[in-house]
Structures are given as C-alpha cells and as structure tokens.
Amino acid sequence: MCGIVAYVGYKKAHPILIKGLQRLEYRGYDSAGISVLNGKISTFKTKGKVAELENYIKSKDLDGQAGIAHTRWATHGEPNQVNAHPHFSQSKSISIIHNGIIENYAVLKEELVSRGYVFESDTDTEVLVNLIEDIRINEKVLLDEAVRIALCQVVGAYAIVILSDEHPNTLIAARKGSPLVIGIGDDDYYIASDATPIVEYTKNVVYLEDEEIAVLTRGEELKIRTTKNKEKTPYVQQLEWNLSELEKGGYDHFMMKEIYEQPRSIRDSMRGRLNPVTGNVSLGGIIDYEQKLLTAKRIIIIACGTSWHAGLVGEYLFEDIARIPVEVEYASEFRYRNPIITEEDVVIAISQSGETADTLAAIELAKQKGATIIGICNVVGSSIARATHAGSYTHAGPEIGVASTKAFTAQVTVLTLMALRLAQLNGAIPKTRFMQLLHELDSLPEKVEEVLNTNGLTEHIAKKYKDVNNFLYLGRGYNFPVALEGALKLKEISYIHAEGYPAAEMKHGPIALIDENMPVVFIAPQLGIYEKVVSNIQEVKARKGNVIAIVTEGDTIVRNMADYVIEIPKTEEYLVPILASIPLQKLAYHIAVLRNCNVDMPRNLAKSVTVE
Ligand code: F6R
C-alpha cells in the first residue's frame, strides 16, 4: 500500500527519493509524487508508475537537499494526479506525505472550509496539512508544535512526513498505526515506510512508536517526543537485511527468486532453534510463554490470506503433534464477531509484513479481553511484532514479490517448531517418534532443493493450461490448506479463477464443474488417507477432468491415472505442506508469465494491507 520516503542532509535529495520509491513499488500503488526544497518547495506528481514520474521530472529543476516522496494506493478519491501526494498547505509553505486514514477528516474539513480554506483534492491528507498550517498561524506556535496539536485532534491512523520552506534543513515525521522507519546517516536522515529504501545507506535505524513525533535536522541529533509532549530517547537498532536481498539477482522476477530462496529461508527459520542430535527444540522469543501455551484452554490462530493458510496448517500441527486444541480465524472476521475470549486463551497472530490492519485490530481486541498474544512475523520491528506479548520471527528475509512464497513456508516451519517444542514439553508423542520428526525437519531444506529441481515440468504443464478459465485444487488433511494456498497463488498472479477445497467436499458441489476443460490439481502424497484421495481422483477422471497430481516419488498408482504428476520426496506427513506448496508456487508463476501478467505486482493487490 502507500509508500513513504524522505531525506534531509547534504546529498542531492531527489535521486535518493526516486530510488526509494522504486524500492517501495512492490507494496502496490497507483500514483506517485515528490517534493524537493530549494528555497521554495517544488512538487511533481503523476498517475501511474514511478517510471512515469521519473520521466516527467527529467527536465525539471529538482536541486535540493531535503525532500519527501510518496506512492499512493487510493483510499479517499480516485487515483489521479491531483489526489497523489505530496499535498501542499494553502500557503504552499508546507508539503506533506501521509499513509493511513484520517477518519474524522470530513468534520475537520468543514471547519477549515468555514475559515476560508479551499481544497484541491479529495484527500484526507490535504485536510491534515491545512489543519497544521491553521494551528501554526492562529496559535503562533512552531511547526513541530502545530503538528503535535493537530495530531491530537485527529482520529485514525497516520504515518506522515512534513517538509516546510520555513525550516529548510528539517523534516518532521510522526506515526500512529502506520509504520515509519528512520535511518540515521553520518549527518543526514532517511525516512521510509519500511526499511527497503534505507538499507543501502545505513544500517542504524529507529522504528518510530505510535503517537511519536520526530524532528530530524541535518547535522543535529534526532529529537523525539510524544503527542502528549513527553520527550523520548531514540532507540537505535541494527538492520539485518542486505542490499542483495532487495535485488532480483539474475532472476526475471522477485517471485521466482524468492521461490528459489526457500532452502535458505527455511534453514534460516530453523537456525539455532533445532538440534537433531541432542533432540532440543527452542524458540527463544517464546520461552517465557511456553507454560501459558501448554495450559491454554485453546489456541486461536488469527491471520489473513496466505498467512491464514499457514495458520490452518498450524492447526493440524498443534492438534496432531502437541494435542492442543486450536481454532483458526480470519482476523477480519474475528475482530467484528464479538468472539468469546478469556485470559486462558492464547492467540497466535501470523503476518509476513507485520502491518496487516485486520490482524492488528484483532490482536488489540484479544489483548483487551486478557488473552496472551504470540506473534509470528517476518518483518522485524513491525507493528504486529510490537503489539504482541512475545513471538518468533520467521527470518525469511525481505519478501518483495506481492504473492507470498518463502514467507509461507517459513511460517509453517516456525509453527512446526512450536508444535514440536510443545510436544516435547507435554510428552504428547513418544521420545523416539519425536526424534524421528526432528531429523526429518532438519533434512527439509535438502528436500526443498530436490523439489525445486523439476527440470521444466511445471513450465510444461503451465503451457498446456495457461488459457483455461478455471482451476480446482483439492487436498485432504494437512494438504487441504495447501490446496487453498495453491489456488490463491494462481488467482492472484494469473487472474485465472481457482478454488481450493477439501477433496471429499468435491461431491457436495464442485463436482458439477468437472468436464474435459477443467484442470484439477490434487495434492496426493502416499500418506494418511491416500486411498480416499485416489478415489477422488478417479471420480474426476470418470468425468473427463484433467488431473495434475503432486505425488510421493515412485508413486505408480496415481501416475497411471493422472494427466501429469509432479513428484516430491518421501517425507513425514506433517512436512508435506511445505514440499507440496513449492510446485504449486512454480505452476502459478509460469502460468502468470505465459499470460504476460505482472507477476511481482499483480493488479489491485498490495504487499502490506494497512487498511481494512
Ligand atoms: C497472498 C498474500 C496475501 C497476504 C495477506 C496477509 O500471496 O500475500 O494474502 O498473505 O495479505 O499479509 P501479512 O502476512 O503481511 O499479514
């Protein structure tokens, strides 16, 4: 969703800002803009991609060592040049960029209109910048104080950065409910909505907390105070990301790069947490909450999208391996359905970005009701990571492709470690069996490498089915969530309608769709209720459906029935979701590429969904 980048220092601002916007493109947006200060503020905005903005400003005078830039994902007002950020105050003295939504903007706007303010755009952001200007003039206060007073009147979420011609060496930034990272250079500052535009300049960052206002003046120390006017000491942290993780590294798309990173990302998610020799599993971040998890009346997993699918796998893992009851809920439903939550419940919130608005709101609700909240996040310092009582990071590294791949397998890996740790503590499985499971998990990255080496098979299948209109994905048990995830990957990046179902549910409706044009993807490893899945495959074949099956290597039964089989190595049932989801990611990728779709930035989608 919307992206923020800002700079103040002694370097030319605009190349830093444009590069920053390019790094933020993965978040999804529909317009872009930039303001640079050189005596007066010059602002340029375009609808469409950052490349169009870059083109537009080529011949413009953009000298200046302070500036702000933004990619906008429309909420208030259509995506066009006028509504794009930055927005000026009426006097053109203050320019602002803003992520989030000011909920009471209509009331504030009415008041400002009655005092003579005229608005150019439909945005809530233009209301905020004029409110700040109005306070500064009427209350005769400095700009940072005007910002503070204005933010006290605002209801909603914001991450803002302000540039003013009265303070040419200073930026003012503030956040509530929308992330903001400050990069500290030698004598300059970078600001962004996530760390990706900052990594190449500095590893020293401060994550602004909710209701904090930062004043950043080049060559001076960072000053932070709260909207309640309390001074804060900046807490400087080290970024763990590398620049190479933000580049495509020879791949055509980030998605493919991230699919191929999975042996590494899964290994990193297990690093230091699993010892197959001593039989030890430990997740440092939740050590103090293990007893709480073991004695919980139930665990409720909340998440959205792909993370919700990981949560569903988690349900099977926790109940099967650790014998602890689990419910999995869409965060967006949970937050509005007046759920029964008590202090005996533990909520596990799963989120790659750590910024998903619905997941954050569901966490707040569960917290108010006294539940303990554990997070599984990928982005260090993210809002969800900070809103939870404890948690475990997934360590998948930055995920740039909008379609989640390595984050999903890392989430399932961490859930697997959690389930094993709880089983170890509560003795839900015998020691010898526990050791077997641990060994199998330890060997998973090598098996993932084998799966990735499918020698063009998924591409070949993609060529055959790239022009169909519908796909069905079927699986049972641990593989039902895999079917859902496979269908989601296909629909979001190729725009082919796809549905995932538990295979046995087919007879209760979807079977009506089967004909010679319908490809049906089965996840059918020789484990669990394999024979039942084989029967489901026969039912599809009897109706002339096309079957693409993910099978255990060496399976001849399904091979004799299916149109295509993709083999995965033999493994324990509880690890199949990770192995089986990888060919489905590749299949979706190849189909999308063959259909000329924008794989890394599918239409209408955003990488972190910061609005509900
Ligand atoms: C799908 C996808 C989305 C996200 C969902 C939740 O590929 O990426 O469905 O999984 O928006 O996002 P996070 O995990 O950041 O909370």
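All figures in this text were calculated on a predicted structure; none of them were measured in a lab.

Trainee: Provide a residue-level description of the pairing of strand E27 (residues 564-568), including the pertinent values.
Mentor: Within E27, 4 of the 5 residues are buried, which leaves the element mostly enclosed by the surrounding structure. One ladder, built from 5 bridges, connects strand E26 (residues 546-552) with E27; its direction is parallel. For Ala-549, the partnering residue across the bridge sits in E27 and is Val-565.

Trainee: Which residues make up the side chain of Thr-571, and what values do they have?
Mentor: On the secondary structure map, Thr-571 appears in the loop between E27 and helix H19 (576-594). For Thr-571, a relative accessible area of 13% translates into the label buried. In terms of polar contacts, Thr-571 uses its side chain to reach the side chain of Glu-440, at 2.8 Å. Setting aside residues up to four positions removed in sequence, Thr-571 forms contacts with Glu-440, Lys-447, Leu-527, Val-576 and Leu-579.

Trainee: Could you give me a rundown of the pattern of salt bridges, with the residues and numbers involved?
Mentor: One pass over the full model with this rule turns up 39 salt bridges. A salt bridge links Arg-23 to Glu-200, with the shortest nitrogen-to-oxygen separation between them at 2.9 Å. With Arg-23 in helix H1 (residues 13-24) and Glu-200 in the loop between strand E10 (189-192) and strand E11 (204-207), the pair connects residues that are 177 residues apart, well separated along the chain. With relative accessibility at 24%, the residue Glu-200 sits in the partly exposed group.

Trainee: Can you explain the site of the ligand? Please cite residues and give values.
Mentor: Neighbouring residues of the ligand: 15 residues in total, closest Ser-307, Ser-351, Ser-353, Thr-356 and Glu-492. At 2.5 Å, a side-chain N or O of Ser-307 approaches an oxygen atom of the ligand. The separation between an oxygen atom of the ligand and a polar main-chain atom of Gln-352 is 2.7 Å. Burial of the ligand by the protein amounts to 89% of the accessible area it has alone, namely 410 Å². For the shell around the ligand, the secondary-structure elements that each account for two or more residues are helix H9 (305-322) and helix H17 (480-494). Looking at side-chain class alone, the shell around the ligand contains 5 nonpolar, 8 polar and 2 charged residues.

Trainee: If you had to explain the sheet that holds strand E21 (residues 372-377) to someone new, which residues and values would you point to?
Mentor: Strand order in the open sheet made by the 5 strands is E19-E18-E20-E21-E22, with parallel pairing throughout. What marks the edges here is a single partner per strand, and that holds for strand E19 (326-330) and strand E22 (390-393). Between one strand axis and the next, the sheet turns through 20° on average, direction left out of account. Relative to E22, E21 is paired through 4 bridges, and the arrangement is parallel. In the sheet register, Ile-376 faces E22, and the bridge partner there is Ser-392.

Trainee: An account of the packing of aromatic side chains is requested, with residue identities and associated values reported.
Mentor: Under the criterion given, the structure shown has 9 aromatic pairs. Where Tyr-190 meets Tyr-201, the ring centres are 4.7 Å apart and the plane angle is 5°; that geometry is what we call stacked. Of the two residues, Tyr-190 is situated in strand E10 and Tyr-201 in the loop between E10 and E11; the sequence distance between them amounts to 11 residues. Accessibility expressed as a relative area gives 3% for Tyr-190, which makes it buried. Classification of Tyr-201 as partly exposed rests on a relative accessible area of 27%. Between Trp-308 and Tyr-330, the aromatic rings sit 3.9 Å apart at their centres with planes inclined by 15°, giving stacked as the arrangement. Placement of the pair is Trp-308 in helix H9 and Tyr-330 in strand E19, with a sequence separation of 22 residues. Its relative accessible area of 37% is what places Tyr-330 among the partly exposed residues. A network of ring pairs unites the aromatic residues Tyr-465, Phe-471, Tyr-473 and Tyr-564 as a single cluster. In this structure, Lys-49 packs its charged tip against the face of Tyr-29, placed 4.6 Å from the ring centre. Seen from the ring of Tyr-495, Arg-603 lies directly overhead, with NZ or CZ sitting 3.8 Å from the centre.

Trainee: How would you explain the side chain of Asp-555 if you had to name every residue and give the values?
Mentor: For Asp-555, the location among the structural elements is in the loop between E26 and E27. This buried residue, Asp-555, is left without a salt bridge; Arg-559 holds the nearest opposite charge, at 7.0 Å. Separated by 2.8 Å, the side chain of Asp-555 and the backbone nitrogen of Ile-557 make a polar contact. Beyond its immediate chain neighbours, meaning those up to four positions away, Asp-555 contacts Ala-524, Gln-526, Tyr-530 and Glu-567.

Parameters at a glance
- Residue indices follow the written sequence of each chain, beginning from 1 at its first position.
- Per-residue local features are limited, in this predicted model, to residues with pLDDT of at least 70; the limit for side-chain atom pairs, both in listing and counting, is 80 or more; totals at the level of whole chains, interfaces and linings are taken over all residues.
- Derived side-chain values reflect all non-hydrogen atoms in the structure, with water molecules and hydrogen atoms excluded from consideration.
- The rule is simple: take the accessible area with a 1.4 Å probe, protein chains only, and divide by the maximum for that residue type; under 20% is buried, over 50% is exposed, in between is partly exposed.
- Each helix is a run of H or I in the DSSP string that is no shorter than four residues. Each strand is a run of E no shorter than two, and both are numbered from the N terminus.
- We treat two strands as partners when DSSP finds at least two bridges between them.
- For the purposes of these results, a polar contact is taken to be a pair of N or O atoms within 3.5 Å, where, inside protein, one atom must be able to donate a hydrogen and its partner to accept one; residues adjacent in sequence count only when each atom of the pair is a side-chain atom.
- The contact definition used throughout considers only heavy atoms, calling two residues in contact when any of these lie within 4.5 Å.
- Between Lys or Arg on one side and Asp or Glu on the other, a salt bridge is scored when a side-chain nitrogen of the former is within 4 Å of a carboxyl oxygen of the latter.
- We define proximity as follows: a residue is near a molecule or strand when any one of its heavy atoms falls within 4 Å of that partner.
- All accessibility values rest on the Shrake-Rupley procedure with a 1.4 Å probe; residue burial counts only the protein chains present in the view.
- Side-chain classes follow a simple rule in which Ala, Val, Leu, Ile, Met, Phe, Trp, Tyr, Cys and Pro form the nonpolar group, Asp, Glu, Lys and Arg form the charged group, and the remainder, Gly included, forms the polar group.
- Fitted lines through C-alpha atoms give the axes, limited to the stretch in contact for helices. The angle between two N-to-C directions lies from 0 to 180 degrees.
- Side-chain rings of Phe, Tyr and Trp, where Trp is taken by its six-membered ring, are said to pair if the distance between their centres is within 6.5 Å; with planes under 30 degrees apart they count as stacked, over 60 as edge-to-face, and otherwise as tilted.
- In our convention, an over-ring charge means Lys NZ or Arg CZ found within 6 Å of a ring centre and within 35 degrees of that ring's normal.
- Charge assignment: positive for Lys and Arg, negative for Asp and Glu; neither His nor the chain ends contribute.

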